[in-house]
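Residue strings, one per chain:
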Amino acid sequence: MQFTEWALLLFFLGAAFFFAMAETALLTLGQWRLRQVTARTPDLGAFIRKLLAEPQDLLATMTLGNTLAHGAIIATVLVISWKYVPEYFLHWTLGGSVALLLFCEVVPKTLAMRKPEAWAPRVARLMLWLVRLSRP
């Protein structure tokens, strides 16, 4: 199998993981935890405040990124399965769907929900850059 397809698949899985984690971490942070983050790391607290000041732009960016990543994952799994193991096409498709659900939705959102004050600062800079990039 080609290295390129697997590298793309891992990249898109990482992107979907990131967007799901960013969504949950930033939107469940709350004012009390945001004050804690700002007290520990004022510069990252400022990034988070900028993001949360325009929640419609933040949510639009996260939704766009997540949708593109999910579509790319599905397309890559379909290409890999059709190209290399067509006799197991259905198995790969179902396996890819389960992997997408578990590793790109359930796991990152669970991690972020349990400790949003730990994850929000980690995703804030990149999300702020992506929000600025995707703004019309």
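The residue count restarts for each chain, going from 1 along the sequence in the order it is written. Local features in a predicted model are, by the rule used here, given only for residues with pLDDT of at least 70; side-chain atom pairs are given and counted only at 80 or more, and totals for whole chains, interfaces and linings are based on all residues. For side-chain calculations, the full set of non-hydrogen atoms in the structure is used, while hydrogens and water are omitted.

Q: I'd like a rundown of the overall build of the protein, residues and numbers included.
A: For the protein, the helix and strand inventory stands at six helices and zero strands. Secondary structure of the protein in N-to-C order comes out as α-α-α-α-α-α. Expressed as lengths along the three principal axes of its C-alpha atoms, the size of the protein is roughly 55 × 35 × 25 Å. The buried share of the protein, taken over its 136 residues, is 37%. By sequence separation, contacts in the protein at least 24 residues apart represent 81% of the contacts at least 6 residues apart. For helices the rule is a DSSP run of H or I covering at least 4 residues; for strands it is a run of E covering at least 2, with both sets numbered from the N terminus onward. Only protein chains enter the area calculation, which uses a 1.4 Å probe; residues under 20% of their type maximum are buried, those over 50% are exposed, and those in between are partly exposed. Two residues form a contact once any of their heavy atoms are found within 4.5 Å.

Q: Explain the packing of helix H4 (residues 55–84) against helix H5 (residues 89–114) to me, using residue names and the numbers behind them.
A: Note on geometry: axes are C-alpha line fits, over the in-contact stretch for helices, and angles between N-to-C directions span 0 to 180 degrees. It is the contact of H4 with H5, at a shortest axis distance of 9 Å, that shows an interaxial angle of 155°. With respect to each other, H4 and H5 are oriented roughly antiparallel. For the pair H4 and H5, the sense of crossing is right-handed. On the side of H4, the interface is formed by Asn66, His70, Ile73, Ile74, Val77, Leu78, Ile80, Ser81 and Trp82, while H5 contributes Phe89, Trp92, Thr93, Gly96, Leu100, Cys104 and Glu105. Residues are grouped as follows: nonpolar covers Ala, Val, Leu, Ile, Met, Phe, Trp, Tyr, Cys and Pro; charged covers Asp, Glu, Lys and Arg; every other residue, Gly included, is treated as polar. Of the residues that constitute the contact of H4 with H5, the class distribution is 10 nonpolar, five polar and one charged. When an angle is under 35 degrees it counts as roughly parallel; over 145 it counts as roughly antiparallel; between 65 and 115 it counts as roughly perpendicular; any other value is oblique. With the far helix as reference, a near helix turned anticlockwise by less than a right angle produces a left-handed crossing, and one turned clockwise produces a right-handed crossing.

Q: Run through H5, naming residues and quoting values.
A: Working rule for helices: expected span equals 1.5 Å times residues minus one. In this model H5 runs 36 Å from its N-terminal to its C-terminal C-alpha over 26 residues, within 8% of the 38 Å that 1.5 Å per residue would give. At every residue, the bend is computed as the angle between two fitted axes, covering the seven residues ending there and the seven beginning there respectively. The largest bend along H5 reaches roughly 25° and is located at valine 106, with the proline proline 108 sitting one to four residues downstream. Gly96, Leu100, Cys104, Glu105, Pro108 and Ala112 are the residues of H5 that are buried. Against the buried residues of H5 lie helix H1 (3–27), H4 and helix H6 (116–134).

Q: So what's going on with the packing of aromatic side chains? Residues and values would help.
A: Stacked, tilted and edge-to-face pairs are distinguished by plane angle, under 30 degrees for stacked and over 60 for edge-to-face with tilted covering the rest, among Phe, Tyr and Trp rings (Trp via its six-membered ring) whose centres lie within 6.5 Å. A full pass over the atoms with the stated rule returns four aromatic pairs. Ring centres of phenylalanine 18 and phenylalanine 19 lie 5.4 Å apart, and the angle between their planes is 75°; this geometry places the pair in the edge-to-face category. Classification of phenylalanine 19 by relative accessible area gives buried; the value is 10%. Both a distance and an angle decide whether a charge sits over a ring: NZ of Lys or CZ of Arg must be within 6 Å of the ring centre and within 35 degrees of the ring normal. Positioned over the ring face of tryptophan 119 is arginine 122, at 4.6 Å from the centre of the ring.

Q: Go over the nonpolar core with me, naming the residues and quoting the values.
A: Residues belong to one nonpolar core when they are buried, are Ala, Val, Leu, Ile, Met, Phe, Trp, Tyr or Cys, and are joined through side-chain atoms within 4.5 Å. Counting 21 residues, the largest nonpolar core has Phe18, Ala22, Leu26, Ile48, Leu51, Leu58 and Met127 as the members making the most contacts within it. Sorting the residues of this core by element identifies H1, helix H2 (30–40), helix H3 (42–53), H4 and H6 as the ones contributing at least two each. The element that contributes the greatest number of residues to this core is H6, accounting for seven residues. Contact partners of phenylalanine 18, with chain neighbours within four places excluded, come to Val123, Leu126, Met127 and Leu130. Formed by 11 residues, the second largest nonpolar core is a distinct cluster that contains Phe12, Ala69, Val77 and Ile80.

Q: Talk me through the environment of glutamate 117; I want residue IDs and the actual numbers.
A: Relative to the helices and strands, glutamate 117 resides in helix H6. Since its relative accessible area comes to 17%, glutamate 117 is described here as buried. The sequence separation of glutamate 117 and valine 37 amounts to 80 residues, and the corresponding C-alpha distance is 6.3 Å. In this view, glutamate 117 contacts Leu29, Arg33, Val37 and Arg40; residues no more than four positions away in its chain are not counted. Polar side-chain contacts of glutamate 117 include one of 3.3 Å to the side chain of arginine 33. Polar contact criterion, stated in full: a pair of N or O atoms within 3.5 Å, where within protein one must be able to donate a hydrogen and the other to accept it, and residues adjacent in sequence count only if both atoms are side-chain atoms.

Q: Please provide a residue-by-residue account of the side chain of glutamate 105, values included.
A: With respect to the secondary-structure elements, glutamate 105 resides in helix H5. Note on glutamate 105: relative accessible area 16%, which makes it buried. Polar side-chain contacts of glutamate 105 include one of 3.0 Å to the side chain of lysine 109.

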